[in-house]
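# Analysis of the macromolecular model
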Amino acid sequence: MAEAVPVRCPGCRRENGYTVPVFPCACGSPVSPPLDLAAPAVPLTHRTWSDSWVTVRCGSCGRESDWPHPEVGCGQCGTVVRVAVHPPTPTRGPTPQGSAPGEGSGAGSGAGPGARGGVREDGSGTDPRAGWTAGAAAGDGGGRGGGGGARTSVPRPPFRPVTIRTARDAVVTAALYLRWLGFQDVRQPDGLPIPSAAVDLRAPGVVAQVDPTTAPAGLRAVECVWLNGLTATATSVYFSLAGYTEEARSRADDLGIPLFVMDLTGMPQPVNDPADDLVGTGA
């Protein structure tokens, strides 16, 4: 584990310890945002989706990926501050083949803005922690927006979970998991949020809702995400921290909606056959 570094709160001037997070690059190497401790921390008064991400270059393969911007809450006054990060330095060599600035790791890259293409490394298997290898799959699961022919096997690295401590962590985890499945350009839609505790995530080919509450997702929630997927001609996916009611699970099976439940370790687990199919074939 990385050592904690002191970050001074600009409000009350207290120094708070902050442990730099470690994220997994697509090549398997750990990467961490290079903190600029010489620059003062900035109070976070208004959160935007684009400012919540920072580009970090892997020191092993040179791949640039977007990860959550380092933030720390003051233990005395409660102010949330954003820690400055050094931008990636220019490289002399060419960009690694198959990657581009802003590409995320299929093993858990952030769904940030900008060049959010993501690394499409979809596959199949039985345990996200052990990695996946995509098998040839004919057709498509119910509710997935159409079928197709056989798919070429592509290796996919293990999904690296991010510990869930807040509702925002749950949304970030779901976005990371969707990108691990192979959906590109995952983001939260612009505009006013819907009057619901669930958070929308969109990407080409997928419409997802993330429920970070402590109540099981019900029948109406499942039907709503299904209707949103029909409107967008996309796969409908639901993530929940507290699981689902029996009615919701039964309806999801009928509609072919993949359901995932997330524990506090940040590891989404499929809870029905459509979810298993999605994990097996990827995007």
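What you see is a predicted model, and the numbers here were worked out from it, not measured in a lab. (Residues numbered from 1 in each chain as written. Predicted model: local features only at pLDDT ≥ 70, side-chain atom pairs only at ≥ 80, totals over all residues. Heavy atoms only, no water.)

## Quick look at the overall build of the protein chain
Heads up, the condition is: What counts as a helix is a DSSP run of H or I of at least four residues, what counts as a strand is a run of E of at least two, and both are numbered from the N terminus. For every residue, the accessible area (1.4 Å probe, protein chains only) is compared with the maximum for its type, and the residue is labelled buried under 20%, exposed over 50%, or partly exposed between those bounds. Working rule for contacts: check all heavy atoms of both residues, and any pair within 4.5 Å makes them a contact. All accessibility values rest on the Shrake-Rupley procedure with a 1.4 Å probe; residue burial counts only the protein chains present in the view.
Scanning the protein chain from terminus to terminus reveals four helices and 16 strands. A buried classification covers 46% of the 283 residues belonging to the protein chain. Counting only contacts in the protein chain whose residues sit at least 6 apart along the sequence, the fraction spanning at least 24 positions is 58%. Carbon and sulfur atoms form 53% of the exposed surface of the protein chain, whose accessible area is close to 13,300 Å².

## Some remarks on the sheet that holds strand β8 (residues 71-73)
Each strand in a sheet pairs with another by means of backbone hydrogen bonds, the pair being arranged parallel or else antiparallel. Condition: Here a strand pair is declared whenever DSSP counts at least two bridges between the two strands.
In spatial order, the strands read β5-β9-β8; together these three strands make up an open sheet with antiparallel pairing. Looking at which strands have only one partner, the edges of the open sheet turn out to be β5 (42-43) and β8. Relative to strand β9 (residues 80-82), β8 runs antiparallel, the two being bridged by three bridges. Its bridge partner being in β9, Gly73 is matched across the sheet by Val80.

## Comments concerning the confidence of the model for the protein chain
Rule in force here: Each residue carries a pLDDT score, the predictor's confidence in it, ranging from 0 to 100.
For the protein chain, per-residue confidence averages 74 on the pLDDT scale, and 72% of positions sit at 70 or higher. Here residues 93-127 is modelled with pLDDT under 50, and outside its nearest four sequence neighbours on either side it reaches 125 contacts, counting other chains as well.

## Concerning the nonpolar core
Selection rule: What is meant by a nonpolar core is a set of buried Ala, Val, Leu, Ile, Met, Phe, Trp, Tyr and Cys residues, joined one to another through side-chain atoms within 4.5 Å.
The biggest cluster of nonpolar side chains holds 47 residues, and the ones touching the most others in it are Leu178, Phe183, Leu201 and Phe239. Of all the secondary-structure elements, those providing two or more residues to this core are β1 (4-8), β6 (53-57), α1 (167-181), β12 (199-203), β13 (206-211), β14 (235-240), β15 (259-262) and α4 (273-281). Broken down by element, the residue count for this core peaks at ten residues, all from α1.

## Description of the pattern of salt bridges
Rules: A side-chain nitrogen of Lys or Arg and a carboxyl oxygen of Asp or Glu constitute a salt bridge if their distance falls within 4 Å.
Applying the stated rule across the entire model yields six salt bridges. Between Arg8 and Glu15 there is a salt bridge, and its shortest N-O distance comes to 3.0 Å. With a relative accessible area of 46%, Glu15 lands in the partly exposed category.

## Side note on the pairing of β6
Pairing analysis gives five bridges linking β6 to strand β7 (residues 64-68), with the strands arranged antiparallel. Residue pairing for β7: Trp53 is matched across the bridge by Pro68. Linkage of β6 to β7, two consecutive antiparallel strands, is achieved through a turn of six residues, within which Gly62 is found at a positive phi near 85°.

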